Amino acid sequence: MGLILTEDQLILRDMAKSFFDEKSPVERMRALRDSRDAVGFSRDLWKEMGELGWIGILFPESVGGADMGYGELGVVLGECGRVLAPEPFMSTVLLGGNAILLGGNEPLQKELLPDVCSGNRILSLAFQERGRFAPYAIETKAKRDGDHYTITGRKSFVLDGHVADQIVVAARTAGSSGEREGLSLFVVEADAPGLTIHRDDLVDGRNGAHLVLENVAVDGARVLGTVDAGADVLDAVFNRATVGLCAEMVGSFEEAFERTLEYLKTREQFGVKIGTFQALRHRIANLFAEMEFTRSIVRDAQTAIDEGRNDIAEATSAAKARCSEVAPLIAGEAVQMHGGIGMTDEEEIGLFFKRLKAAELSLGDAIFHRNRFAHLRGY
Amino acid sequence: MSTANLEEFRQEIRTWIDENLPSELRVGTRKDLPKKLLSQWNKALISRGLVAPEWDTEYGGGGLDRKQAGVVKEELNAVRAPKLRTFGVAMLGPTLLEFGTEEQKREFLPQIARNEVTWCQGYSEPGAGSDLASLQTRAVREGDEYIVTGQKIWTTGADKADWIFCLVRTDPDAPKHEGISFLLFPMKQEGVKVSPLNLIDGSADFSQVFFDGARAKASHLVGPLNGGWTIAKRLLQHERTQDGGSEGGITGAMKDTIFDLVKREVGLDASGTLQDPTIRERLAQQELEQLGLRLTMRRAGEEMRASQTGRDIASLGKYRWANMVKDEQDIAMMAMGAQGLGWSGDGFGADQLERTRAWLTTRADSIWGGTNEVQLNVIAKRVLKIPE
């Protein structure tokens, strides 16, 4: 796979673009937010994406998927990003779905994944316990009790947690917070006794949730990966989810960039188009360069996963380091160049600004990933 | 060419490289390479037609198609073969192929491909830097010759060059872009004086060139009379592509990578992490920038080959490349501290002195070939199409 879209991917992109243009303009996301919709996204639209085969892109045909890769999923996620579609790719496919795919045994995959692919099952992953991303900072405990485990602790930032059917919970079976060893992953039913799910509204209009787990019982057969070595699955899931998130981010900041470019060409002050001012021309030209570099690096990370290269972690951190650096730059300049109107809730550029901030900080910001990149590169 | 044939060709090139490139030279394009070996290698490149692989054989080229030429480039890069890249090959050649007459191609291209004639580029003038089109050097027709009067500056290698490709004003009354022509003439003649300039890095590769009645054959005017500006811009594009496309830039020419240097100067802790987290950040950013440039150039190549809507990224590449190589030397200086402040003397390692000079040399990279500010103007106007 090269750095440009293949013929098939170009066709997929055109399909996705017309799908989202027609069914999901940015106003739809705004309406869901303003009405404080009970679900927070459209279950019907999600099922349509299931019928089109997009939800199942990553999953094997044996569970109803399309058995394709991040090159294809990235195309769809990029178009989601362009219109800020809040459908649950992150919670259900990239995090929850990937955890089952990479860590689940065959019965568990057969049980859960077909409904995921059709859009009838929502999943999430509960790992985070504090604000700043730190993948192994997990205190939630799981104690073994015969053939099952009981989990006690608190989780935050569980995406779409309030509507998830199952939540994959990362908990500590050994060791202490911060250690990579001693983590395990459990598939927990949303209605399990002892689990309470509190919906939280996020700054980008999407849905998080915080969970309280009090002696929640989980069958030992619903462990993903190996007990105490859950981080092996978790790391692989994070790499893949991060690369997916980057694809969405590229779509969002390209759209924010293009809208800003258009604004510079139309908005007049002092009797001239503001795009004639060199102070603005140089800045937007530099943003363009940032954007092009980032797009190349993100595409390369997708290829790394799809070709099973041995530098997936490096390529992932390179992509997210760049995305998380460039996203606030472009989004910040987009608001600035829109001037006063950019501060209004009515102007859509602010919605991009907020979504890009959420994405920037999710799964590790630029500093986190530059550090990880440097570590992996041996310095 | 089919994929199978292309693979066969790759094997052929590999074998040829193995037979002709000694291991001492597999260290990139550096100034301190053994002269005799280098000259043998250059001769081998010339006789195999690999100095200008894509030119027709009748012009001294290798007669390869784009994919084959790509294979040659990849294979040479893979073993860090020193490059024989001259102004003639990189800039004048492509320009003549596009705009030259048949006679001009036959006269000049084979000499360039055989590296027999050294060229320099007469563009900038004291009063025409970023505003290149305001150049004043005059060429007046006299019989079948032009008589050239004026001054050029920042002319690389002018003191060693045999010929110059030069922008001259042939119609002083026309609007500034419309009275310029592209003229070739010999440097070794009365009426041409070269005076090297000493730069902040201690080098004197650039010169001022004075023309006082220098002579050029009228048949050596390239393209239409007064149509030189289009050619000039096209040639600058070749120049920018060369820079942006040259992976690693100045780093490739040094013994130590910036990563080796920083590790050595700053030191690693027990866990293998650089002692200074801020320099570590800067280094990671530098590496990501190198990665971004390399991948973006490769992507542009793929876009071109697949005839997808490519974007003009020559200016973008030049601009980011310049910042990147400057930043690399800034990091080196930061890491070396006082050891980076040596000009000469035993108190400093050869590699430290080399880095310090590189820090000074690379200041020029965001100035020549169009300053960063000019590149940003070009991106805004031509790529993003924002009306002025």
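What you are looking at is a predicted structure, and each value in this text was computed from that prediction instead of being measured. (Residues numbered from 1 in each chain as written. Chains lettered and ligands numbered in written order. Predicted model: local features only at pLDDT ≥ 70, side-chain atom pairs only at ≥ 80, totals over all residues. Heavy atoms only, no water.)

1. Regarding the overall build of chain A
Across its full length, chain A holds eleven helices and ten strands. The C-alpha atoms of chain A give a radius of gyration of 21 Å, which matches the 21 Å a tight globule of 379 residues would have. Summarising its shape, the C-alpha atoms of chain A cover approximately 80 × 50 × 40 Å along the three principal directions. By the burial criterion, 59% of the 379 residues in chain A qualify as buried. In chain A, the proportion of contacts linking residues at least 24 apart, taken out of those at least 6 apart, comes to 74%. (Helix = DSSP H or I, 4+ residues; strand = E, 2+ residues; numbered from the N terminus. Rg over C-alpha atoms; globule rule 2.2 N^0.38 Å. Buried < 20%, exposed > 50% of the residue type's maximum accessible area, 1.4 Å probe, protein only. Contact = heavy atoms within 4.5 Å.)

2. A closer look at helix H6 (residues 106-118) of chain A
Residue and element names in this part refer to chain A. With 13 residues, H6 ought to run about 18 Å at 1.5 Å a step, and its terminal C-alpha atoms sit 18 Å apart, in line with that. Leu-112 marks the point of greatest bend in H6, at about 35 degrees, and the proline Pro-114 comes within the next four residues. Residues Leu-108, Gln-109, Leu-112, Leu-113, Val-116 and Cys-117 constitute the buried set of H6. Summarising the contacts, the buried residues of H6 are in contact with helix H3 (43-51), helix H5 (89-103), strand S1 (123-126), strand S4 (166-172), strand S5 (183-189) and strand S8 (223-224). (Expected span 1.5 Å × (residues − 1). Bend = angle between axes of the 7 residues up to and from the residue.)

3. Some details on the interface of chain B and chain A
Counting residues at the interface gives 40 residues for chain B, matched by 38 residues for chain A. Taking both sides of the interface into account, the surface hidden between chain B and chain A amounts to around 3,800 Å²; carbon and sulfur atoms contribute 60%. The partner of Arg-320 of chain B in a salt bridge is Glu-290 of chain A, and the shortest N-O contact between them spans 3.2 Å. For the pair chain B and chain A, the interface holds 23 residue pairs in polar contact (both at pLDDT 80 or more). Per-element tally for the side of chain B that touches chain A: the top contributor is helix H8 (residues 277-305) of chain B, with 17 residues. Partitioning the side of chain B that touches chain A into residue classes produces 18 nonpolar, seven polar and 15 charged. (Buried area = accessible area lost by both parts, 1.4 Å probe. Salt bridge = Lys/Arg side-chain N within 4 Å of Asp/Glu carboxyl O. Polar contact = N/O pair within 3.5 Å; in protein donor to acceptor, adjacent residues only side chain to side chain. Nonpolar A, V, L, I, M, F, W, Y, C, P; charged D, E, K, R; others polar.)

4. Focus on the packing of aromatic side chains
We describe a pair of aromatic rings using the distance from one ring centre to the other and the angle between the two ring planes. Residues and elements named next belong to chain B. Under the counting rule described, the total for this entry stands at 21 aromatic pairs over all chains. A centroid spacing of 6.2 Å and a plane angle of 80 degrees characterise the contact between Trp-154 and Phe-206, whose relative ring orientation is edge-to-face. With Trp-154 in strand S3 (residues 145-156) and Phe-206 in strand S7 (residues 206-217), this pair connects stretches of sequence that are 52 residues apart. Since its relative accessible area comes to 45%, Trp-154 is described here as partly exposed. Classification of Phe-206 as buried rests on a relative accessible area of 18%. An aromatic cluster is present here, built from Phe-108, Trp-119, Trp-163, Phe-165 and Phe-182 joined pairwise through their rings. (Phe/Tyr/Trp six-rings, centres within 6.5 Å; stacked < 30°, edge-to-face > 60°.)

5. A few points about the domain arrangement of chain A
All names here are of chain A. Parsing chain A into structural domains produces domain 1 (7-121), domain 2 (125-230) and domain 3 (231-376). Put simply, the middle of domain 2 and the middle of domain 3, counted by C-alpha atoms, are 30 Å apart. Every contact between the two is made by 18 residues of domain 2 and, on the other side, 17 residues of domain 3. Of the roughly 1,600 Å² buried between domain 2 and domain 3, counting both surfaces, carbon and sulfur atoms make up 62%. Its largest share of buried area at the contact with domain 3, domain 2 owes to Phe-133, Arg-180 and Asp-204, together 32% of the area lost on that side. Across the domain 2-domain 3 interface, the total number found is five salt bridges. Arg-355 is the partner of Asp-204 in a salt bridge, and the nearest nitrogen-oxygen pair spans 2.7 Å. Run the count over domain 2 and domain 3 and you get eleven residue pairs in polar contact (both at pLDDT 80 or more). For the side of domain 2 that touches domain 3, a count of residues per class yields twelve nonpolar, two polar and four charged. (Domains from an automatic or database assignment.)

6. With respect to the domain arrangement of chain B
Residues and elements named next belong to chain B. Here chain B is described as being made up of domain 1 (3-84), domain 2 (119-226) and domain 3 (246-383). Using only C-alpha atoms to locate each centre, domain 2 and domain 3 end up separated by 32 Å. Contact with domain 2, which involves four residues of that partner, is made by seven residues of domain 3. Per-residue buried area on domain 2 facing domain 3 is highest for Ser-130, Ile-200 and Asp-201; these three make up 83% of the total on that side.

7. Brief notes about the pairing of strand S6 (residues 195-201) of chain A
All names here are of chain A. Two strands pair when backbone bridges link them, and S6 and strand S7 (residues 207-219) are joined in this way by seven bridges, in the antiparallel orientation. If you follow Arg-199 over to S7, its bridge partner there is Ala-209. The hairpin turn running from S6 into S7, its antiparallel successor, is five residues long, and Gly-205 in that turn takes a positive phi close to 85 degrees. (Pairing = 2+ DSSP bridges.)

8. Concerning the pattern of salt bridges
According to the stated counting rule, one finds 64 salt bridges over all chains in the structure shown. A salt bridge links Arg-355 of chain A to Glu-248 of chain A; the shortest N-O distance between them is 2.9 Å. Of this pair, Arg-355 of chain A sits in helix H10 (residues 349-361) while Glu-248 of chain A is found in helix H7 (residues 230-266), placing the two residues 107 residues apart along the sequence. In this structure Arg-355 of chain A comes out as buried when scored by relative accessible area, which is 9%. A salt bridge links Glu-287 of chain B to Arg-377 of chain A; its shortest N-O distance comes to 2.5 Å. Of this pair, Glu-287 of chain B sits in helix H8 while Arg-377 of chain A sits in the segment after helix H11 (366-376), which puts the two residues in different chains. By relative accessible area, which is 8% here, Glu-287 of chain B ends up buried. In this structure Arg-377 of chain A comes out as partly exposed when scored by relative accessible area, which is 38%. Salt bridges sharing common partners tie together Arg-82, Glu-254, Glu-255, Glu-258, Arg-259, Glu-292, Arg-295 and Glu-348 of chain A together with Arg-299 and Glu-303 of chain B.

9. Some words on the confidence of the model for chain B
Predicted confidence across chain B gives a mean pLDDT of 90, with 95% of residues reaching 70 or more. For residues 244-251 of chain B, every residue scores under 50 in pLDDT, and the model assigns this stretch 19 contacts once sequence neighbours within four places are set aside. (pLDDT = per-residue confidence, 0-100.)

10. Some remarks on the nonpolar core
Formed by 163 residues in total, the largest nonpolar core has its most connected members in Phe-20, Trp-54, Phe-89 and Phe-253 of chain A together with Val-262 of chain B. Of the residues forming this core, the biggest block, 18 residues, is contributed by H7 of chain A. Excluding its chain neighbours within four sequence positions, the residues that come into contact with Phe-89 of chain A are Trp-46, Met-49, Trp-54, Ile-55, Leu-73, Val-76, Leu-77, Cys-80 and Leu-94 of chain A. With 50 residues, the next largest nonpolar core counts Trp-55, Leu-96, Ile-112 and Ile-231 of chain B among its residues. (Core = buried A, V, L, I, M, F, W, Y, C linked by side-chain atoms within 4.5 Å.)

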